[in-house]
Amino acid sequence: MEITTKEEISWCPGCTNFFIKKSVEDALKNLIAEGYKQEEFVMVTDIGCAGKMYDYLNISGINALHGRTLPTMIGIKIGNPHLKVIGFAGDGGTYDEGMDHFIHSCRYNNDMNLIVHNNQVFALTVGQATAVSQIGFKEKTHPFGVKERPINPIVLALESGATFVARANSLDIQGTKEIIQDGIKHRGFSFIEIMQPCITFFDNREILKKNSYKISTMNKEDAIKEAKKWNYEDNGKIPIGIFYKENRETFEDNYDILKI
Ligand code: SF4
């Protein structure tokens, strides 16, 4: 069975979401070659450019309300704990509308995989600031520039208890594919933030190319220190890789009714 659909793709020409789509397709193909079944994978998306993955990937799923990717994923997983549930959401949907769900999913350690396409902007609604936009970023709702400091979702995920925390660079298709494969294989809540320049509303491709460096997995204390080295500004080096992973009982482990 093909891993992609024949839907016409409506992302802007050259959008880095094409790279993420390629990484995801390659990761899923490899996992299927290793023995996973295509029908075991279920995706949840919400609204936004990232949400269009729903039309392009040939796996089952639900296109949910904006910011509600994670509760929909949890519902699917409770309904059938055998499924491998993958979420695709943007930084707006996850770090703004969906922030409470994000923190609690890290805390619960649900056995599922969240992929955040982080372009530091609400792209589909034409360029408004999100919780990770840079200070000084100007758009129609912030004509004088964003004044508030961005949050740091990697630190937040680590502090909240996520058991697999990673950041990928969408421009590195192979590296992103490997992180996605590891994240899907992980037992517990895996959070992968993929830096994904929006070439129309926030094009930081050159910064991402120039400033990224690779990290290796480390202990939690060091991972938090490493994550704090970059707070989504232009000047500063950007750590890329798996910050942290651990084995811990999952949400599903704690409920006998889910052990089917
Ligand atoms: Fe990609 Fe930005 Fe266009 Fe959305 S608006 S498709 S993120 S380039």
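Residues numbered from 1 in each chain as written. Predicted model: local features only at pLDDT ≥ 70, side-chain atom pairs only at ≥ 80, totals over all residues. Heavy atoms only, no water.

*Asks:* Could you give an account of the environment of F144, naming the residues involved and the relevant values?
*Replies:* Mapped onto the fold, F144 is located in the loop between strand 4 (113–118) and helix 6 (153–160). The class for F144 is exposed, based on a relative accessible area of 70%. (Helix = DSSP H or I, 4+ residues; strand = E, 2+ residues; numbered from the N terminus. Buried < 20%, exposed > 50% of the residue type's maximum accessible area, 1.4 Å probe, protein only.)

*Asks:* Before we move on, could you go through the packing of helix 3 (residues 69–79) against helix 5 (residues 99–108) and cite the residues and values that matter?
*Replies:* At a minimum axis distance of 8 Å, the contact between helix 3 and helix 5 shows a crossing angle of 40 degrees. The pairing of helix 3 with helix 5 is recorded here as oblique in orientation. Each of L70, P71 and I74 in helix 3 lies in contact with helix 5, whose residues at this interface are H101, F102 and S105. Classifying every residue of the contact of helix 3 with helix 5 by side-chain character gives four nonpolar, two polar and no charged. (Axes fitted to C-alpha atoms, helices over the stretch in contact; angles between N-to-C directions. Parallel < 35°, antiparallel > 145°, perpendicular 65-115°, else oblique. Contact = heavy atoms within 4.5 Å. Nonpolar A, V, L, I, M, F, W, Y, C, P; charged D, E, K, R; others polar.)

*Asks:* Go over helix 6 with me, naming the residues and quoting the values.
*Replies:* For helix 6, the tally of buried residues reaches six of eight residues, placing the bulk of the element in the interior. Every buried residue belonging to helix 6 is among P153, I154, V155, A157, L158 and S160, and all of these are buried. Following helix 6 by one or two positions, G161 adopts a phi angle in the positive range, close to 110 degrees.

*Asks:* I'd like a description of the sheet that holds strand 1 (residues 41–45), backed by residues and values.
*Replies:* Spatial strand order, 2-1-3-4-6-5-8-7: eight strands in an open sheet with mixed pairing. Both edges of this open sheet fall to strand 2 (60–63) and strand 7 (212–214), since each of them pairs with a single strand only. Mean inter-strand twist for the sheet, computed between neighbouring axes without regard to direction, equals 20 degrees. One ladder, built from six bridges, connects strand 5 (residues 164–169) with strand 6 (residues 190–195); its direction is parallel. Looking at strand 6, one finds that F164 is bridged to S190. Contacts from helix 1 (residues 17–34) reach strand 1, strand 3 (84–90), strand 4 and strand 6 within the one sheet, and its direction differs from that of strand 1 by about 160 degrees. (Pairing = 2+ DSSP bridges.)

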